[in-house]
Amino acid sequence: MFKLHNSWDDVIGSEFEKPYFLKLSEFLREEYATKTIFPPKNLVFSSLKATPYDEVKAVILGQDPYHGVGQAHGLAFSVMPGVQPPPSLMNIFKEINQEYGTHLGKNGCLISWAKQGVLLLNAALTVRQGQANSHKGQGWEIFTDEIIKALNKSEKPIVFMLWGSNARSKKSLITNPKHLVLETVHPSPLSAYNGFFGCGHFKKANEFLQKFTQPIDWSSAQ
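Residues numbered from 1 in each chain as written. Predicted model: local features only at pLDDT ≥ 70, side-chain atom pairs only at ≥ 80, totals over all residues. Heavy atoms only, no water.

1. Comments concerning the packing of helix α2 (residues 19-34) against helix α6 (residues 140-152)
Then, in step 1: Two numbers describe how α2 lies on α6: the axes approach to 9 Å, and their chain directions differ by 130°. With respect to α6, the element α2 is oriented oblique. Note on packing geometry: the crossing formed by α2 with α6 is left-handed. Facing Y20, F21, L24 and L28 of α2, the residues of α6 in contact are W140, I142 and F143.
Then, in step 2: Tallied by class, the residues present in the contact of α2 with α6 amount to 7 nonpolar, no polar and no charged. (Axes fitted to C-alpha atoms, helices over the stretch in contact; angles between N-to-C directions. Helix = DSSP H or I, 4+ residues; strand = E, 2+ residues; numbered from the N terminus. Parallel < 35°, antiparallel > 145°, perpendicular 65-115°, else oblique. Left-handed = near helix turned anticlockwise from the far one by under 90°. Contact = heavy atoms within 4.5 Å. Nonpolar A, V, L, I, M, F, W, Y, C, P; charged D, E, K, R; others polar.)

2. Some thoughts on the pairing of strand β3 (residues 118-122)
Then, in step 1: Most of β3 sits out of view: 5 of its 5 residues are buried.
Then, in step 2: Neither face of β3 is open: one carries V118, L120 and N122, the other L119 and L121, and all of them are buried.
Then, in step 3: Across 5 bridges, strand β2 (residues 58-62) lies against β3 in parallel orientation. Across the sheet, residue G62 finds its bridge partner in β3, namely N122. (Buried < 20%, exposed > 50% of the residue type's maximum accessible area, 1.4 Å probe, protein only. Pairing = 2+ DSSP bridges.)

3. Things to note about the packing of aromatic side chains
Then, in step 1: Under the definition given, this model contains 21 aromatic pairs.
Then, in step 2: For the pair F21 and W140, a centre-to-centre distance of 5.9 Å together with 80° between the ring planes defines the contact as edge-to-face. Of the two residues, F21 is situated in helix α2 and W140 in helix α6; the sequence distance between them amounts to 119 residues. The exposure classification of F21 matches that of W140, with both residues buried.
Then, in step 3: Between W113 and F202, the ring centres sit 6.4 Å apart and the planes meet at 50°, which makes this aromatic pair tilted. Remark: F202 occurs in helix α8 (residues 201-209) and W113 occurs in helix α5 (residues 111-115); sequence separation between them is 89 residues. (Phe/Tyr/Trp six-rings, centres within 6.5 Å; stacked < 30°, edge-to-face > 60°.)

4. What about the packing of helix α4 (residues 87-100) against α8?
Then, in step 1: Their axes nearest at 8 Å, the elements α4 and α8 cross at an angle of 65°. Counting all contacts with α4, which are made through I92, E95, I96, E99 and Y100, the residues of α8 involved are H201, F202, K203 and N206.

5. Points about the environment of Q210
Then, in step 1: Checked against the element boundaries, Q210 lands in the segment after α8.
Then, in step 2: Between the C-alpha atom of Q210 and that of A114, which follows or precedes it by 96 residues, the distance is 17 Å.

6. Topic: the pairing of β2
Then, in step 1: Summarising burial for β2: 5 of the 5 residues are buried, a large majority.
Then, in step 2: Pairing geometry for β2 and strand β5 (residues 159-163), over 4 bridges, is parallel. Across the sheet, I60 pairs through a bridge with M161, a residue of β5.

7. Considering α2
Then, in step 1: For α2, which comprises 16 residues, the first-to-last C-alpha distance of 23 Å matches the rise-based estimate of 22 Å (1.5 Å per residue) to within 8%.
Then, in step 2: Among the residues of α2, those classed as buried are Y20, F21, L24, S25, F27, L28, E31 and Y32.
Then, in step 3: Buried residues along α2 sit against β1 (37-38), β4 (127-128) and α6. (Expected span 1.5 Å × (residues − 1).)

8. Focus on the side chain of K170
Then, in step 1: With respect to the helices and strands, K170 occurs in the loop between α7 (164-168) and β6 (180-184).
Then, in step 2: Classification of K170 as buried rests on a relative accessible area of 8%.
Then, in step 3: Look past the residues within four positions of K170 in its chain and what remains in contact with it is L61, A123, E141, D145 and I148.

Written out as structure tokens, the structure reads:
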């Protein structure tokens, strides 16, 4: 059985043996063998490996990985160190800068958030080069829905930050009144001015978290 080597194994380990995931695995074997797929195989589960189940404080849900060369490394919205932050991530930084008076924007790698308990999860964990949403409907959504359902059962309060219609469609899975759901439009340049800018989500998340635990240092991304 596939292992993530942290608390996720006990929570969702059985998913790797289910028929839908075995079918997904076959599809991915063929895709990686015949096409350019992102992220690299060894980084597909980076979000779960970086943020164990019992350490999750906040969830930021994306659609699927960046489909440009050298960008995706398994954390939603994050790019490899040294890679120019894409427009959606720059807009995330702009909102944080507005809320906190910081100056983020040089480094688009968000591993520092993941290490603090921010699960940076995409609805689909792989994508073909240059083809956004190309692995939609292959089984990833079933898998990531199970992740959200498992987090919903957590007795520890969690903030779910749902941006855009794809992420907001998951709201029905979050029924536990212990949790906080923050939702708005996607930070993409196409929609950011329709409600993402000025949403105050990063401060709202921390105001909620500091009642129970250490808040997130959003400025740890540079």
